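# Coordinate inspection notes
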Amino acid sequence: MPKAYVFTRYGGPETEALIDVDRPRPGPGQVLAAVRAAGVNPVDWKLRGGYRRPGEAERDFPAYFGNEVAGVVEETGEGVEGFAAGDEVFGRPVLGGWSQYALLSVDLIARKPAAVSFAQAATLPVAAATAYDGLRQLALPPGATVLVTGAGGGVGVAAVQIARAFGLRVAGVASEGKKDLVESLGAVHVPSGPGWTDRARALTPDGIDGIYDLVGGEVLTEAASLRTGGAALVTAAAPPGEAERLGGARVARAYDNAVLEQVADLVVRGDLDPLVTRTFPLEKAGDALRAVEEGHARGKIVIEVAA
């Protein structure tokens, strides 16, 4: 039987398990893909701990991990056009993606370009697409300066590169240990920690035109203090209402094929390197999650699934 890595109840790592599952059957508007790679994100351990997105119903157990996958179409459901068995695709799974098979809606998948590996493609539906959506929402003109908090994480690494591709100057807030990473992406590194806003002001003498927050909490509040002259502020990390209280907004996610195609094209053009720094096999998915949960991962961590 196919395998899937799941959590059996809310809690910590003790709730995780690799289990046998039935092979899914695609419904109308869906495809079944044999997963080749799946991205790992902070939301995975947060969901295991009981976090629910606004408006999301209580989940059934066992519950799947994973919100981004890349693989090969095995079967198509009723009414599916434009995709067929054998197509290499990537997108957001319907139930989860840390498994040998995943169902995907045709509204949330795109073809994987030949020049993009499965591991790279598996990082795009959440991290890169979130970065892309937020920067489009800021709508800054070329030459403007954007400040990115959490610049050394999965979304941050993508945001810095996409901002540069959009012609923006970037100041990236990250730990001292990620200084070389942030600078290698073309951003000015702002060391995080107490007093970081003073350092940000000193390192951006021409001012900050927009702020993309990927941390939330106190960092978001501090970042808002840097808004001068009507600088725009968006966050992908704060709960509803928090950014609005500070004069900003949450990132409005597009969740469509067009964004997936656009971020994949950035990879093909060499403007975006997903920076997959570590990969783990499906049976070691727990180790992959721990690497992200500890908060020290550089770039993206990916689970690879053998054919």
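Coordinates for the structure precede this section.
What this report covers is the structure whose coordinates are included nearby. (Residues numbered from 1 in each chain as written. Predicted model: local features only at pLDDT ≥ 70, side-chain atom pairs only at ≥ 80, totals over all residues. Heavy atoms only, no water.)

### A closer look at the sheet that holds strand S8 (residues 145-149)
One open sheet accounts for six strands, arranged S10-S9-S8-S11-S12-S13; its pairing is parallel. Strand pairing shows two members of the sheet lacking a second neighbour, strand S10 (188-191) and strand S13 (249-250), which therefore form its edges. Where strand S12 (residues 232-235) meets S13, two bridges bridge the pair, whose relative direction is parallel. Each residue of the ladder has a partner; that of Thr-235, found in S13, is Arg-250. In the packing of helix H6 (residues 196-203) onto the sheet, the strands contacted are S8, strand S9 (169-174) and S10, and the crossing angle to S10 comes to about 155 degrees. (Pairing = 2+ DSSP bridges. Helix = DSSP H or I, 4+ residues; strand = E, 2+ residues; numbered from the N terminus. Contact = heavy atoms within 4.5 Å. Axes fitted to C-alpha atoms, helices over the stretch in contact; angles between N-to-C directions.)

### Concerning the nonpolar core
Considering soluble globular proteins, one finds that nonpolar side chains tend to be buried as a cluster. Membership of the largest hydrophobic core comes to 48 residues, with the highest contact counts inside it found for Leu-135, Val-146, Ile-162 and Tyr-212. Here this core gets eight residues from one element, more than from any other, and that element is helix H3 (residues 124-138). When sequence neighbours within four positions are dropped, the list of residues in contact with Leu-135 reads Val-146, Ala-159, Ile-162, Ala-163, Phe-166, Leu-168 and Tyr-212. Among the nonpolar cores identified, the runner-up in size contains 29 residues, and Val-31, Ala-63, Val-106 and Ala-291 belong to it. (Core = buried A, V, L, I, M, F, W, Y, C linked by side-chain atoms within 4.5 Å. Buried < 20%, exposed > 50% of the residue type's maximum accessible area, 1.4 Å probe, protein only.)

### So, helix H4 (residues 154-165)
Given 3.6 residues to a turn, an α-helix orients residues that are three or four positions apart in the same direction. For H4, which comprises twelve residues, the first-to-last C-alpha distance of 17 Å matches the rise-based estimate of 16 Å (1.5 Å per residue) to within 8%. Counting buried residues along H4, nine of its twelve residues qualify, which places the element largely inside the surrounding structure. Among the residues making up H4, those that are buried are Val-155, Gly-156, Val-157, Ala-158, Ala-159, Val-160, Gln-161, Ile-162 and Ala-163. Next to the buried residues of H4 lie H3, S8, S9, helix H5 (179-184), strand S11 (210-213) and helix H9 (257-268). (Expected span 1.5 Å × (residues − 1).)

### Focus on the pattern of salt bridges
Tallied over the entire structure, the rule returns 17 salt bridges. We note a salt bridge from Glu-293 to Arg-48, for which the minimum N-O separation is 2.8 Å. Separated by 245 residues along the polypeptide, Glu-293 in helix H10 (residues 285-293) and Arg-48 in helix H1 (residues 42-48) bring together distant segments of the chain. With a relative accessible area of 3%, Arg-48 lands in the buried category. Residue Arg-111 is joined to Asp-87 by a salt bridge in which the shortest nitrogen-to-oxygen separation is 3.1 Å. Here Arg-111 is found in strand S7 (residues 101-111), whereas its partner Asp-87 is found in the loop between strand S5 (69-76) and strand S6 (88-93), with 24 residues between them in sequence. Accessibility expressed as a relative area gives 44% for Arg-111, which makes it partly exposed. Look at Asp-87 and you get buried, because its relative accessible area is 18%. Each of the salt bridges in this network shares a partner with another, and the network as a whole consists of Glu-16, Arg-48, Arg-290 and Glu-293. (Salt bridge = Lys/Arg side-chain N within 4 Å of Asp/Glu carboxyl O.)

### Examining the packing of aromatic side chains
In this structure the tally under the stated criterion is seven aromatic pairs. Taking the centre distance of 6.2 Å and the plane angle of 35 degrees together, the rings of Tyr-5 and Trp-98 count as tilted. Here Tyr-5 is found in strand S1 (residues 3-7), whereas its partner Trp-98 is found in the loop between S6 and S7, with 93 residues between them in sequence. Ring centres 5.9 Å apart and planes at 70 degrees place the aromatic pair Phe-7 and Phe-61 in the edge-to-face group. Note that Phe-7 is positioned in strand S1 and Phe-61 in the loop between H1 and strand S4 (63-64), a separation of 54 residues in sequence. Members of the aromatic cluster, each reached through a chain of ring pairs, are Tyr-5, Phe-7, Tyr-10, Phe-61, Phe-65 and Trp-98. Over the face of the ring belonging to Tyr-101 we find Arg-23, whose NZ or CZ atom lies 4.8 Å from the ring centre. (Phe/Tyr/Trp six-rings, centres within 6.5 Å; stacked < 30°, edge-to-face > 60°. Lys NZ or Arg CZ within 6 Å of the ring centre and 35° of its normal.)

### Focus: the environment of Gly-86
As for its position among the elements, Gly-86 is in the loop between S5 and S6. Take Gly-86: its relative accessible area is 49%, and that puts it in the partly exposed class. Excluding residues within four positions of it along the chain, Gly-86 makes contact with Val-72 and Val-73.

### Examining the side chain of Asn-41
As for its placement among the helices and strands, Asn-41 is situated in the loop between strand S3 (30-39) and H1. Separated by 2.9 Å, the side chains of Asn-41 and Glu-68 make a polar contact. Only 2.7 Å separates the side chain of Asn-41 from the side chain of Lys-300, close enough to count as a polar contact. Asn-41 has contacts with Glu-68, Val-126, Ala-127, Val-292 and Lys-300, leaving out every residue within four places of it along the chain. (Polar contact = N/O pair within 3.5 Å; in protein donor to acceptor, adjacent residues only side chain to side chain.)

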